[in-house]
Amino acid sequence: MMFQLAITLGIFVANVLNYIFAKMENGEGWRYSLGFAAVPAIMIIIGAIFLPDSPSSLIERGLGEKAKKELIKIRGTTDIEQEFEDLLAASESSKAVKHLWVSLLKRQYRPQLTFAMAIPFFQQLTGMNVIVFYAPVLFKTIGFGANASLMSAMITGGCNAIATLVSIFTVDKFGRRTLFLEGGIQMFICQIVITVAIACKFGIDGNPGMLPKWYAIVVVCGICVYVAGFAWSWDPLGWLVPSEIFPLEVRSAAQSINVSVNMIFTFAIAQIFTTMLCHMKFGLFIFFACFVIVMSTFIYKFLPETKGVPIEEMHIVWQNHPYWKNFVKSAEVRTNSDEC
């Protein structure tokens, strides 16, 4: 979650800097916008020097005592024996897996493989990255001036960061499923409102005439509420939930798929958005709204609640799920099946 907060704060700061530098009279502002991108890169390099190894990583490398000390430091207590034993058992289990990618294709890991692909796929088809990447272009296209479009992008960036904070403080109170579903409903309603607002003023010929102030307020507010719905649901949970459901024995492979699918569809949506906007106009928001319905239904039917469930106990959750219990069997049942 802190990872996602750092990203949203970075986006907001970038939007603020773009707005400030755009006002430079000599036209050199773009150089400063580009140059300041090196600042977070330098921060990452310096931070990496002081970043400690995780207990799991230390155990994997045979540094058990060092792992125990690190775990005590993280938890702030010496009562970590049970958790340390669980980590050792999970490490031994992961070492028993000889062919990682082949193992991930096994029936017992079908839920993890499904969510490793589905969550990042749906995350990109909410349309949020379209707003993040092309907010100034989008606002300018629907009638705002150059500076006004940058200001609107700055406002939506601020909403994004604030809503991420809301998610951090509420995710363990309301649960993952609740935030996923609430965010989906909120995004769908906002996309319909934005569609109607743009369709009424632009039609299909793209000529809005004079845009009244109330119209600008409706569009910006609609997009801000939409951004907030995404920022406290699919955005942080798209990273949090996969990290909670992947067992250690296939974790690296599953996380690789999760990130790869995310990056592939981020790239694809970024490449085709402007073409889609030109051809589909306000229909673009209907396109994404349809996917929001599909992904919300998918979460409702197939994602169990993972709040407060340790990774080593997730197999029990799958075994009790109405659908995934057909794939994930208990160790005793799997052993009997193998013997038969």
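Figured I'd write up the structure that's included with this text. This is a predicted model, so every value here is computed, not measured.

It is the contact of helix H13 (residues 234–245) with helix H14 (residues 251–280), at a shortest axis distance of 10 Å, that shows an interaxial angle of 160°. Comparing their axes, H14 and H13 come out roughly antiparallel. Both H13 and H14 take part in a crossing whose hand is right-handed. Residue-level inspection shows Gly 238, Trp 239, Pro 242 and Ser 243 of H13 in contact with H14, the latter providing Arg 251, Gln 255, Asn 258, Val 259 and Asn 262. Taken together, the residues of the contact of H13 with H14 break down into three nonpolar, five polar and one charged.

As a further point, take the packing of helix H11 (residues 176–202) against H13. Between H11 and H13, the least distance of the axes is 10 Å, while the angle of their chain directions is 150°. Classed by the angle they form, the pair H11 and H13 counts as roughly antiparallel. Our pair here, H11 against H13, has a crossing hand that is left-handed. Side by side, H11 and H13 meet where Arg 176, Leu 179, Phe 180 and Met 187 of the first sit next to Trp 234, Leu 237, Gly 238, Leu 240, Val 241 and Glu 244 of the second. Residue classes in the contact of H11 with H13 are distributed as seven nonpolar, one polar and two charged.

On to the side chain of Thr 195, then. Residue position: Thr 195 is located in helix H11. What makes Thr 195 buried here is its relative accessible area of 7%. Separated by 2.6 Å, the side chain of Thr 195 and the backbone oxygen of Gln 191 make a polar contact. With near-sequence residues (within four places) excluded, Thr 195 lies in contact with Phe 282, Phe 285 and Ile 286.

This part covers the environment of Val 219. Mapped onto the secondary structure, Val 219 falls in helix H12 (residues 213–231). Spatially, the C-alpha atom of Val 219 lies 9.9 Å from that of Ser 152, the residues being 67 residues apart in sequence.

So, on to helix H15 (residues 283–302). Owing to its 3.6 residues per turn, the α-helix aligns residues three or four sequence positions apart on the same side. Taking 1.5 Å as the rise per residue, H15 with 20 residues should run 28 Å; its terminal C-alpha atoms sit 29 Å apart, in good agreement. Considered for burial, the residues of H15 that qualify are Gly 283, Leu 284, Phe 285, Phe 288, Ala 289, Val 292, Met 295, Ser 296, Phe 298 and Ile 299.

Core analysis: the biggest nonpolar cluster contains 59 residues, and Leu 104, Phe 115 and Trp 234 have the highest contact counts within it. Of all the secondary-structure elements, those providing two or more residues to this core are helix H8 (110–124), helix H9 (128–141), H11, H12, H13, H14, H15 and helix H16 (314–320). Each residue touching Leu 104, except ones within four places of it in the same chain, is listed here: Tyr 109, Leu 113, Val 250, Ala 253, Ala 254 and Ile 257. Formed by seven residues, the second largest nonpolar core is a distinct cluster that contains Leu 58, Ala 67, Phe 84 and Leu 87.

The rules behind the values
- Residues numbered from 1 in each chain as written.
- Predicted model: local features only at pLDDT ≥ 70, side-chain atom pairs only at ≥ 80, totals over all residues.
- Heavy atoms only, no water.
- Axes fitted to C-alpha atoms, helices over the stretch in contact; angles between N-to-C directions.
- Helix = DSSP H or I, 4+ residues; strand = E, 2+ residues; numbered from the N terminus.
- Parallel < 35°, antiparallel > 145°, perpendicular 65-115°, else oblique.
- Left-handed = near helix turned anticlockwise from the far one by under 90°.
- Contact = heavy atoms within 4.5 Å.
- Nonpolar A, V, L, I, M, F, W, Y, C, P; charged D, E, K, R; others polar.
- Buried < 20%, exposed > 50% of the residue type's maximum accessible area, 1.4 Å probe, protein only.
- Polar contact = N/O pair within 3.5 Å; in protein donor to acceptor, adjacent residues only side chain to side chain.
- Expected span 1.5 Å × (residues − 1).
- Core = buried A, V, L, I, M, F, W, Y, C linked by side-chain atoms within 4.5 Å.

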